[in-house]
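Read off the chains here:
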Amino acid sequence: MSLLEITKLPTAENAVIHLHESDNIAIARVALSPGQELRVEGLAVTVEDPIPAGHKVALRAIPAGENIVRYGQVMGRARIWIEPGRHVHTHNVSFEELSFNYEFPVSEIAMPRAPVHIPTFLGFSREDGRVGTRNYIAVVAASNCAAHTAELIAASYDGETLPPNVDGVAAFPHGEGCGHTIGPDTAQLQRTLGGVLNHPNVSAAIILGLGCEVNQIDHYLGKGSPRTDRLVGMTLQSSGGTRATVDAARKTIAALMERASEEKRIETPASKIVLGLNCGGSDSFSGITANPALGVCSDMLAEIGGSAVLAETTEIFGAEHLLVRRARNRQVAERLLSFVTGYKSYLQRFGGSFDDNPSPGNKEGGLTNILEKSLGAVAKAGTSPLNSAVDYAERIDSPGFVFMNTPGYDPVSLTGLAAGGVNVIAFTTGRGSAIGFPTIPVIKIATNSAMYRRMQDNMDINAGRIADGEATVAGVGREIFDMLLRVASGERTCSERLGHKEFVPWRIGPVL
């Protein structure tokens, strides 16, 4: 059944959504009751169980051990014999890791030529060629020991009228930077903080330390450090303590703001947009409405030479074979797979599994296991070739579709994307997420209309209209792209208006 054929009032023909001809399950568009009749592509099915909206119903008998298929892909096996019309979920579906014969690319896919006509937005041009969608002064704590003071500095501007073209003073407090092992964990933190200090949405910044922590501010200053004339370092111990440091920082920021105020938005090709793709609080509608619509936007951006960056390694597991097929060359495919195998080893050190990822809210929303979740999550990246795969917080310098190795935990994933240089983030959610970021606008896309209506203060776009039969995937994808251009030009998102500023670096090692 095409999504276009679904009308608002449920009937036997449109009460469920059958996504692929080989699927032996369908998705309840609305809550289903026992005895309700369904007709799916000529097949008559009587509902046997109460089935919540977004959950799965069996379309035919599925013997124990047989594959459960959604999107034309295996998402699990039946634990027991499942009769037609029965609820298909965690109680009767088993999870197992799948083995794939990966279809590696045998030749190089050429980078597409940018079209003659590229849409534009109004952005802040930077010396390194990147373009900002916002113009902030950042105060970044080098460690937890400086986090409170960083917050005090930013809070001291609350209610003040800022100079023209300055979006604000943004604090980056966190709980890391001391008690770290010296090595990969410290290096990753330094890469992360360096990425938010030297970011296209940041005009200038202060790196603030206590003075004696593991993560010394000298790492970010001096020879070889980028944009040193826009970065100032100070410590509480050398500045006279908390109050004296706030006063000293305000004097420094006054000079930084004067320079930032002289920077103006200019017309810029939309190829300078680097869009982070994330989802959180997902439900079963995520892979039907918001994610594929965002995929349309991602393809539109890739076509004009912009970048669309998919993250969350834990949420491509079980779907990585689909991304391998799209890799620009074998090297990119193998780097992607190295992140998956590396993450598996990381989880095993702590007795974890990829299937620990679906949260209670995900499951309540109809997602049974990580395989089902991943198959819907990768739709955010559209259909474009995978041009590059980068590690957490690494600089993104490739156009088109890029993958970044991050956890699925939303604030940590957004932090990695931000440090890599994304200047806008698009975030799909089915259960309802309120996350934002200190210096990057986050566009929230609701997967279903019921949640959109409950949380309109937090949601920018309602992709649930696709399941309601009031819009198409392509139409909502164009709507997201149009809003992306407006937001990049300065339009505020819901998360910005509400003041959401979540920032959590990824700590991978032990605490000392």
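How each quantity is defined
- Per-chain numbering applies: the sequence of each chain, read as written, is numbered from 1 onward.
- Residue-level local features of this predicted model are given only where pLDDT is at least 70; pairs of side-chain atoms are given and counted only at 80 or more, and the full residue set underlies all totals for whole chains, interfaces and linings.
- Only hydrogens and water are set aside when side-chain values are computed; all heavy atoms of the structure are taken into account.
- Helix axes are fitted to C-alpha atoms over the stretch in contact, other axes to C-alpha atoms as well, and angles between N-to-C directions run from 0 to 180 degrees.
- The way it works is that DSSP assigns letters per residue, a run of H or I at least four long becomes a helix, a run of E at least two long becomes a strand, and they are numbered from the N terminus.
- When an angle is under 35 degrees it counts as roughly parallel; over 145 it counts as roughly antiparallel; between 65 and 115 it counts as roughly perpendicular; any other value is oblique.
- Crossings are sorted by hand: turned counterclockwise from the far helix by less than a right angle, the near helix makes the crossing left-handed, and turned clockwise it makes it right-handed.
- Contacts between residues were defined by any pair of non-hydrogen atoms, one from each residue, lying within 4.5 Å.
- Three classes are used: nonpolar for Ala, Val, Leu, Ile, Met, Phe, Trp, Tyr, Cys and Pro, charged for Asp, Glu, Lys and Arg, and polar for all others, with Gly counted as polar.
- Here the rule is simple: two strands pair whenever DSSP picks up at least two bridges between them.
- We define a salt bridge as a side-chain nitrogen of Lys or Arg found within 4 Å of a carboxyl oxygen belonging to Asp or Glu.
- Relative accessibility thresholds used throughout: buried, under 20% of the residue-type maximum; exposed, over 50%; partly exposed, between the two (1.4 Å probe, protein chains only).
- Planes of paired rings set the category: under 30 degrees apart is stacked, over 60 is edge-to-face and the rest tilted, where pairs are Phe, Tyr or Trp rings (Trp by its six-membered ring) whose centres lie within 6.5 Å.
- A ring is considered to have a charge above it if a Lys NZ or an Arg CZ atom is located within 6 Å of its centre and within 35 degrees of its normal.
- By nonpolar core is meant a set of buried Ala, Val, Leu, Ile, Met, Phe, Trp, Tyr and Cys residues that side-chain atoms within 4.5 Å join together.
- Polar contacts, as used here, are pairs of N or O atoms within 3.5 Å; protein pairs need one atom able to donate a hydrogen and one able to accept it. Residues neighboring in sequence count only if both atoms are side-chain atoms.

## Here's the deal with the packing of helix H5 (residues 290-303) against helix H12 (residues 473-488)
Interaxial distance between H5 and H12 falls to 7 Å at its minimum, and their mutual angle equals 55°. In terms of orientation, H5 lies oblique with respect to H12. Handedness of the crossing formed by H5 with H12: right-handed. In this structure, H5 uses Pro292, Ala293, Leu294, Val296, Cys297, Met300 and Leu301 to contact H12, whose residues at the interface are Val473, Ala474, Val476, Gly477, Arg478, Ile480, Phe481 and Leu484. Considering only residue class, the contact of H5 with H12 consists of 13 nonpolar, 1 polar and 1 charged.

## A closer look at the sheet that holds strand E10 (residues 120-125)
The strand order E11-E10-E16 describes an open sheet built from 3 strands, whose pairing is antiparallel. At either end of the open sheet lies a strand with only one pairing partner, and these are strand E11 (131-132) and strand E16 (266-269). Direction of pairing for E10 relative to E16: antiparallel, over a ladder of 4 bridges. Each bridged residue has a counterpart across the sheet, and for Gly123 the counterpart in E16 is Ile266.

## Brief notes about the pattern of salt bridges
The tally for this structure, following the rule as stated, stands at 28 salt bridges. Between Glu491 and Arg486 there is a salt bridge; the shortest N-O distance is 2.9 Å. Look at Arg486 and you get partly exposed, because its relative accessible area is 41%.

## Section: the sheet that holds strand E9 (residues 93-94)
Ordered by their spatial adjacency, 3 strands build an open sheet running E6-E7-E9, and the pairing between neighbours is antiparallel. The strands lining the two open edges of the sheet, one partner per strand, are strand E6 (67-70) and E9. Summarising the sheet, strand E7 (residues 73-78) and E9 pair through 2 bridges and their orientation is antiparallel. Bridging from a neighbouring strand, Ala78 pairs with Val93 of E9. Here helix H9 (residues 370-377) sits on the sheet in contact with E6 and E7, set at roughly 165° to E7.

## Things to note about the packing of aromatic side chains
One pair of aromatic rings is described through two measures. These are the centre distance and the angle between the planes. Counted according to the given criterion, the structure contains 10 aromatic pairs. Between the aromatic rings of Tyr343 and Tyr346, the centroid separation amounts to 5.3 Å while the plane-to-plane angle is 85°, which identifies the pairing as edge-to-face. Of this pair, Tyr343 and Tyr346 both sit in helix H7 (residues 330-349), 3 residues apart, roughly one helical turn. According to the relative accessible area criterion, Tyr343 is buried, its value standing at 6%. Over the face of the ring belonging to Tyr157 we find Arg250, whose NZ or CZ atom lies 4.3 Å from the ring centre. Between the NZ or CZ atom of Lys444 and the centre of the ring of Phe427, over which it lies, the distance is 5.6 Å.

## Here's the deal with the nonpolar core
Ranked by size, the top nonpolar core spans 77 residues in total, and within it Ile68, Ile273, Leu275, Ile445 and Leu484 carry the most contacts. When neighbours within four sequence positions are excluded, Ile445 is seen to be in contact with Ala290, Leu294, Ala426, Phe427, Thr428, Thr429, Ile461, Ala463 and Ile480. If you look at the next biggest cluster of nonpolar residues, it comprises 34 residues, including Val196, Ile217, Ile396 and Val442.

## Some details on the environment of Trp81
Take Trp81: it is sitting in the loop between E7 and strand E8 (87-88). Of the residues examined, Trp81 reaches a relative accessible area of 48% and is grouped as partly exposed. For the pair formed by Trp81 and Pro63, sequence separation is 18 residues and the distance between their alpha carbons is 4.5 Å. Dropping the residues within four chain positions of it, Trp81 is found in contact with Ala61, Ile62, Pro63 and Ala64. A distance of 3.1 Å separates polar atoms of two side chains, one belonging to Trp81 and the other to Glu83.

## Some words on the packing of helix H2 (residues 184-197) against helix H10 (residues 410-420)
Packing of H2 against H10 brings their axes to within 7 Å, and their N-to-C directions diverge by 60°. It follows from the interaxial angle that H2 and H10 lie oblique. As for the relative orientation of H2 and H10, their crossing is left-handed in sense. Contacts between H2 and H10 involve Arg191, Thr192, Gly195 and Val196 from the first element and Thr415, Ala418 and Ala419 from the second. Broken down by class, the residue content of the contact of H2 with H10 amounts to 3 nonpolar, 3 polar and 1 charged.

## A closer look at the pairing of strand E3 (residues 37-40)
The side chains of a regular strand alternate, first on one face of the sheet and then on the other. Residues Leu38 and Val40 point to one face of E3 and are all buried, whereas Glu37 and Arg39, pointing to the other face, are not buried. Judged from the 4 bridges that link them, E3 and strand E4 (residues 43-46) form a sheet pairing that is antiparallel. Opposite Val40, over in E4, you have Leu43 as the bridge partner. Linkage of E3 to E4, two consecutive antiparallel strands, is achieved through a turn of 2 residues, within which Glu41 is found at a positive phi near 50°.

## Re the environment of Ala319
Position of Ala319 among the secondary structure elements: in the loop between strand E18 (307-310) and helix H6 (320-325). Along the primary structure Ala319 and Val378 are separated by 59 residues, whereas in three dimensions their C-alpha atoms are 7.3 Å apart. Among all residues touching Ala319, those that are not within four sequence positions of it are Ser374, Leu375 and Val378.

None of this, on its own, says anything about what the molecule does.
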